[in-house]
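# Coordinate analysis (summary)
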Amino acid sequence: MAEEPTLDKLKMHSPDLSQDNIAKIRELFPGCVTEARDEVTGKLRLAVDFDHLRQELSDHIVEGGQERYRLDWPGKREALALANAPIDQALRPAPEESLQFEATKNLFVEGDNLTALKLIQDTYLGQIKLIYIDPPYNTGKDFLYRDSFASDQVTQELAAGERSEEGARLVANPEGNGRFHSSWLTMMAPRLRLARNLLKRDGAIFVSCDEGEQPRLRLIMDEIFGQANFVADMVWAAGRKNDSRLVSVSHEYIVCYARDAEYLRENKVVWRQRKKGLDEIYAQYERLKRRHGNDYQAMTEGLKEWYRQLADGHPAKAHKHYSNIDNRGIYFAADISWPGGGGPKYEVMHPVTKRPVKVPARGWMTPDSNKMEEWIRDNRVHFGETEESVPCIKKYLKDSEYQTPYSVFYQDGRAASKRLRALMGGDLFNFPKDELVLQEVIEMMTEGDDIILDFFAGSSTTAHSVMLQNAADGGNRRFIMVQLDETADDKSEAYKAGFKTIPEVSRERIRRAGKRIIEGGDCHADWNRDVGFRVLKIDTSNMKDVYYRPDELKQSDLLDMVDNVKEDRTAEDLLFQVLVDWGVDLTLPVRRETVQGKTVFFVDDNALVACFDQGVTEELVKELAGHEPLRVVFRDNGFVSDAVKINVEQVFRQLSPTTEVKSI
């Protein structure tokens, strides 16, 4: 009997991270890795000899378990296994729920974020510059993500009424629960582990939390990201609360870890943010210029008077020392003396009185008297009315707009709710994060086309912030939002407004925010105006079970299994599962063409070519090879004959030898 022709098949599931991690250990300690029989499948897999590994990492004889500093909780092993376990799910495109599906570089993934993080591992490995998340705070009133994983705990929860028979994905976590902190840690740990893989070496993660879980969040992030990569606990003072009998807790935390702090230091990477209140100062400067023309003295007096009238809490008042104006702009008269004292002393003449000015006690800031004269000629030295005062060096506001971010900052927590209420026409979200605060985080550490990820998207504040910053500085940053397909409570304002799910509200916020930003007109000329998003929904695999477990196929199923693709899946569904499997950018443009009567997809012209139709001929194969794509994929049973299937790889070797050929 002739042997069945075969092409290399795509695996169509997320990577098995446990096997990848073991392979990395084998590179360092080959003797610590062996083979063992998988208890479930019976197949041989790589396995670690942990006793041997412990000995490799010790300089003395290891006899047994030893006490060491670490974070433990009931469910920790489950969380680690959950992060490593492969899945066979798919991302299905939803163009009708997207905005500018074909053109946008932004993503909105609907479904469980643990699954989403696994599905995008290959595509965005080491590609994300900034991750911001605002996970459930575990106040005792929150619902936590309940991940499906076999354990005795599921049985206990069913008996206690904490989980429905269907296995709800959001479960209550009341403070009286004996696993109160453990449940939260078990939810967070696998997601943080997977998130770390996605960060660029100069990337960072920012996690919002309150005082309830901040100590444990620090410990688990120390373990996952490394204590040496801790950057700061940013303290967000959001306004006074009078809801406590002891201390009014009026702040939250944003915990920040770098992916590789040593890399940041070696490459002299700095984070900077623009000072607040500058736009108001520049606006007043323009008003004074229109009123006084080139009368800089009158402009200076007008600016000082404007500062005096500002409220003490106004952000511009922090810069009131920038109160002088000349032909270059706004400046303040800074110290011109030698730092620390003992500097050079020489004669400097007052430009009006022509007499020597008073020399600073610490000496001049430059030992070069010719350089000082050059500064004076260039009008960069501020003199008093007479020679009796020490001159100053002019420091211009336009040269000092950015500063190192402070770890403590104030932003009224009610302001974001008011703005979102105005945007959405009602209180559709409780306690939304402030888009202006996140915009500052985005500004201080991202630029260009950096990618920002939020896998607890909620109301998509992060997407709003990305668009705001792009509009401000002309960047073309991209966002990836991930939100659970959670139904809206039928008593909620969102439901009453016509939204059936939280993702629907989240996407509508992006639509309205983008529209408002563009219509506002104050957009940087270099911004590409991308306010769209490509919606991808998590679903079961597009492939029938036989694709993953052919050994379990029964004789009676043979006729049904001629086609290994589920009946309700489209060619577009298959295309995006191939993109995920191959690790191809999920926002690349897709062109659909009819070639020799068959539907063919061209992803970014020749990054990938796919044809999932039946009856593929050798002539079609040759025409596609003529495009010289980087990758090409066909349906395994889509060829008109076995002979054509056998010749596919030979055709590409002759016409396009660098093309990678696969089938599904």
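Small disclaimer: the values here were computed from a predicted structure and weren't measured. (Residues numbered from 1 in each chain as written. Predicted model: local features only at pLDDT ≥ 70, side-chain atom pairs only at ≥ 80, totals over all residues. Heavy atoms only, no water.)

## Examining the packing of helix α10 (residues 278-292) against helix α11 (residues 296-309)
Under the convention used in this document: In this analysis, axes come from line fits to C-alpha atoms, helices being fitted only over the stretch in contact, and the angle between any two N-to-C directions falls in the range 0 to 180 degrees. The helix and strand labels rest on DSSP assignments: H or I over at least four residues marks a helix, E over at least two residues marks a strand, and numbering proceeds from the N terminus. These descriptions rest on fixed angle ranges, namely under 35 degrees for roughly parallel, over 145 for roughly antiparallel, 65 to 115 for roughly perpendicular, and the rest for oblique. Definitions for this section: a left-handed crossing has its near helix turned counterclockwise from the far helix by less than a right angle. A right-handed crossing has that turn clockwise. Residue contacts are defined here by distance: any two heavy atoms, one from each residue, within 4.5 Å place the two residues in contact. Think of it as three bins: nonpolar holds Ala, Val, Leu, Ile, Met, Phe, Trp, Tyr, Cys and Pro, charged holds Asp, Glu, Lys and Arg, and polar takes everything else, Gly as well.
Where α10 meets α11, the axes come as close as 10 Å, and the angle between the chain directions of the two elements is 140 degrees. Comparing the axis directions of α10 and α11 gives the class oblique. Remark: the crossing between α10 and α11 carries right-handed chirality. Contacts between α10 and α11 involve Glu280, Ile281, Gln284, Tyr285, Arg287, Leu288, Lys289 and His292 from the first element and Ala298, Met299, Gly302, Leu303, Trp306 and Tyr307 from the second. Each residue belonging to the contact of α10 with α11 can be placed in one class, and the counts come to eight nonpolar, three polar and three charged.

## Concerning the pattern of salt bridges
Definition in use: By definition here, a salt bridge exists when the distance from a side-chain nitrogen of Lys or Arg to a carboxyl oxygen of Asp or Glu is within 4 Å.
Summed over the entire model, instances satisfying the criterion amount to 48 salt bridges. Between Lys276 and Glu440 there is a salt bridge, with its nearest N and O atoms 3.3 Å apart. Residue Lys276 is located in the loop between β11 (273-274) and α10, and its partner Glu440 is located in helix α14 (residues 435-445); the two are separated by 164 residues in the primary sequence. Among the charged side chains, a network of salt bridges with common partners joins Arg92, Asp539, Asp568, Arg569 and Asp573.

## Concerning a nonpolar patch on the surface
Quick reminder of the rule: Patch rule: a residue counts if its relative accessible area is over 30% and it has no salt bridge; like charges are joined within 9 Å, and nonpolar side chains (Val, Leu, Ile, Met, Phe, Trp, Tyr) within 5 Å. Note on areas: Shrake-Rupley with a 1.4 Å probe; residue coverage comes only from the protein chains shown. Here's how the labels work: a residue is buried when its accessible area is under 20% of the maximum for its type, exposed when over 50%, partly exposed in between, all with a 1.4 Å probe on protein chains only.
A cluster of nonpolar residues, Leu246, Val247 and Val249, forms a patch on the protein surface that exposes about 320 Å² of accessible area. Inspection of the secondary structure assignment puts Leu246 in the loop between β9 (230-237) and β10 (251-258). We classify Leu246 as exposed; its relative accessible area is 82%.

## Let's talk about the pairing of strand β13 (residues 329-334)
Note the cut-off: At least two bridges found by DSSP between two strands are what make those strands a pair.
The buried count for β13 comes to five of six residues, which makes it a mostly enclosed element. Judged from the three bridges that link them, strand β12 (residues 324-326) and β13 form a sheet pairing that is antiparallel. Across the sheet, the residue bridging to Asp326 is Gly329, located in β13. Counted between consecutive antiparallel strands, the loop separating β12 from β13 contains two residues. Examined bridge by bridge, β13 and strand β15 (residues 392-396) share four bridges and lie antiparallel to one another. Directly across from Ala333, in β15, lies its bridge partner Lys394.

## A look at unusual backbone geometry
With a phi close to 50 degrees, Phe431 is a non-glycine residue in the positive phi region. Relative to the helices and strands, Phe431 resides in the loop between α13 (413-424) and α14. With a phi angle near 50 degrees, Glu628 is a residue other than glycine that sits in the positive phi range. Position of Glu628 among the secondary structure elements: in the loop between α20 (618-625) and β24 (631-634).

## Overview of the sheet that holds β15
Pairing within the open sheet is antiparallel, and its four strands lie in the order β12-β13-β15-β14. Each having just a single partner strand, β12 and β14 (381-382) make up the two edges of the open sheet. Most of the contacts of α11 go to β12, to which it runs at about 155 degrees, and overall it touches β12 and β13.

## Observations regarding the packing of α20 against helix α21 (residues 642-655)
Running from N to C, α20 and α21 cross one another at 25 degrees; their axes reach a closest spacing of 10 Å. Comparing the axis directions of α20 and α21 gives the class roughly parallel. Where α20 crosses over α21, the two elements pack in a sense that is right-handed. Judged by residue contacts, Glu618, Val621, Lys622, Leu624 and Ala625 of α20 engage Val644, Asn647, Val648, Val651, Phe652 and Leu655 from α21.

## Examining helix α12 (residues 369-377)
Which entries qualify depends on this criterion: Note that the arc is computed from the directions linking the helix axis to the C-beta atoms. Identification of polar contacts relies on pairs of N or O atoms within 3.5 Å, with a donor-acceptor requirement for protein atoms, meaning one able to donate a hydrogen and the other able to accept it, and with residues adjacent in sequence counted only if both atoms are side-chain atoms.
Regarding α12, the residues found buried are Met372, Trp375 and Ile376. Angularly, the buried residues of α12 cover 100 degrees about the axis, an arc narrow enough to put them on a single face. Turned more than 90 degrees from where α12 packs its buried face, Asn370 and Arg377 sit exposed. Against the buried residues of α12 lie β14 and β15. Where α12 begins, one side-chain oxygen reaches toward the backbone nitrogen of Asn370, 2.9 Å away; that side chain belongs to Asp368. Phi turns positive one or two residues past the end of α12, at Asn379, with a value near 60 degrees.

## Comments concerning the nonpolar core
To keep things clear, this is the line we draw: Only buried residues count toward a nonpolar core, which is a set of Ala, Val, Leu, Ile, Met, Phe, Trp, Tyr and Cys residues joined through side-chain atoms within 4.5 Å. Domain delimitation follows an automatic or database domain assignment.
Counting residues in hydrophobic clusters, the biggest one holds 70 residues, and the most contacted among them are Leu192, Ile220, Met221, Leu586 and Leu608. For this core, the element with the most residues is helix α7 (residues 180-198), which contributes nine residues. Counting contributing residues per domain, this core is built from domain 2 (90-140 + 175-273 + 405-537) and domain 5 (556-663), each supplying no fewer than three. Ignoring anything within four residues of it in the chain, the contact list for Leu192 reads Ile133, Ile205, Leu217, Ile220, Met221, Ile224 and Phe225. Among the nonpolar cores identified, the runner-up in size contains 46 residues, and Phe108, Trp236, Leu438 and Ala457 belong to it.

## Some thoughts on the confidence of the model for the protein
Do not read the predicted coordinates in detail wherever pLDDT is low. Applicable threshold: The pLDDT value tells you how sure the predictor is about a given residue, anywhere from 0 up to 100.
When pLDDT is averaged along the protein, the result is 87; 86% of the residues meet or exceed 70. Scored below 50 in pLDDT, residues 148-168 makes 23 contacts in the model with residues more than four places away or belonging to other chains.

## Section: the sheet that holds strand β4 (residues 107-110)
Strand pairs in the sheet, formed through backbone hydrogen bonds, run parallel or antiparallel to each other. With mixed pairing, the ten strands of this open sheet are ordered in space as β3-β20-β4-β19-β18-β5-β8-β10-β9-β17. Edge positions in the sheet fall to β3 (89-93) and β17 (408-410), since each of these pairs with one other strand and no more. Averaged over all pairs of adjacent strands, the angle between their axes in this sheet comes to 20 degrees, without regard to strand direction. Both β3 and strand β20 (residues 534-540) contribute to a ladder of five bridges, which runs antiparallel. Note on β20: the bridge partner recorded for Arg92 is Lys537. Strand contacts of helix α8 (residues 214-225): β8 (199-209), β9 and β10, with the helix running at about 5 degrees to β10, the strand carrying the most contacts. Its contacts with the sheet place helix α17 (residues 502-520) against β4, β19 (478-483) and β20, and it is angled at close to 170 degrees to β4.

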